[in-house]
Amino acid sequence: MSEQRSPQPTGAERSRPARRGLRGCPASEARDRLVSAGLRPTAQRCAIAWLLNGPKHRHVTPEGLYQEASKARVSVSQSSIYNILRQFTEAGLLRQRTFRGLVIYDTDVSDHQHFLVEETQEVINMPGTPMRVGGLPSAPEGYEIVGVELIARVRSKR
Ligand SMILES: [Zn+2]
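Now for a description of the structure that goes with this document. (Residues numbered from 1 in each chain as written. Predicted model: local features only at pLDDT ≥ 70, side-chain atom pairs only at ≥ 80, totals over all residues. Heavy atoms only, no water.)

Moving on, we get to the pairing of strand 4 (residues 114–117). Pairing geometry for strand 4 and strand 5 (residues 123–125), over three bridges, is antiparallel. For H114, the partnering residue across the bridge sits in strand 5 and is N125. Inspection of the sheet shows strand 4 paired to strand 6 (residues 151–154) by four bridges, in the parallel sense. Residue V117 lies in a different strand from strand 6, and its bridge partner there is V154. (Pairing = 2+ DSSP bridges. Helix = DSSP H or I, 4+ residues; strand = E, 2+ residues; numbered from the N terminus.)

Every α-helix carries 3.6 residues per turn, so stepping three or four residues along brings you back to the same face. For helix 4 (residues 43–52), the buried fraction is high: seven of the 10 residues fall into the buried class. Taken as a whole, helix 4 has its buried residues at R45, C46, A47, I48, A49, L51 and L52. (Buried < 20%, exposed > 50% of the residue type's maximum accessible area, 1.4 Å probe, protein only.)

Attention now goes to the nonpolar core. I48, L52 and F88 are the most contacted members of the largest nonpolar core, which has 20 residues in total. When residues in this core are grouped by element, the largest group, six residues, is from helix 4. (Core = buried A, V, L, I, M, F, W, Y, C linked by side-chain atoms within 4.5 Å.)

Around the zinc ion, the donor atoms from the protein are H59 (NE2), D106 (OD), H112 (NE2), H114 (NE2) and N125 (OD1), and they sit 2.1 to 2.2 Å away. Sequence spacing among the residues donating to the zinc ion works out to H-x46-D-x5-H-x1-H-x10-N. Accessibility assignment for this pair places D106 and H114 in one class, buried. (Donors = N, O, S within 2.8 Å, 3.2 Å for Na, K, Ca; no water.)

Turning our eyes to something else, we now look at the sheet that holds strand 5. Spatially, the three strands line up as an open sheet ordered 5-4-6, and their pairing is mixed. Across the chains shown, the open sheet's two edge strands, defined by having one partner strand only, are strand 5 and strand 6. Across the sheet, the mean angle separating the axes of adjacent strands is 30 degrees when strand polarity is ignored. (Axes fitted to C-alpha atoms, helices over the stretch in contact; angles between N-to-C directions.)

Another aspect to go through is the side chain of T107. Following the sequence through the fold, T107 ends up in the loop between strand 3 (102–106) and strand 4. Residue class for T107 comes out buried when judged on its relative accessible area of 13%. Within polar-contact distance, the side chain of T107 engages the backbone nitrogen of R58 at 2.6 Å. Among residues more than four places away in sequence, those in contact with T107 are L52, H57, R58, L93 and L94. (Polar contact = N/O pair within 3.5 Å; in protein donor to acceptor, adjacent residues only side chain to side chain. Contact = heavy atoms within 4.5 Å.)

Okay, here's the thing in structure tokens:
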């Protein structure tokens, strides 16, 4: 199995969608990622990991991923989608983010900020982040600030 393993894609490789599917076996890469994260590579987990492994980082909702899985003829229930997303998040493969009540699973687990498109609820990574935020008040007594999430709401220019 190790000789079939592809190297982790670099950022440059991830931005070339057309070539991604032509190299190696995406399902094999998905399985390897699960094993590396300490997850048993069940058929459903492999299929969902394969769906999430697009050419660039993605922000998915459980409902959207369920629809995508159905279109791809992946046999998985909605509750299994929720469970798998939670397991992937706990294993560090995804990061759960909430934008104005909208729960999103981000395939980019690095610290970065987002734009939220008001009309479509689309979430877009902010370039050039992480960024510095000044003027924060002190944390409440007995607490320390561990992170700040910045969301810039955007809309189409009228
Ligand atoms: Zn993101």
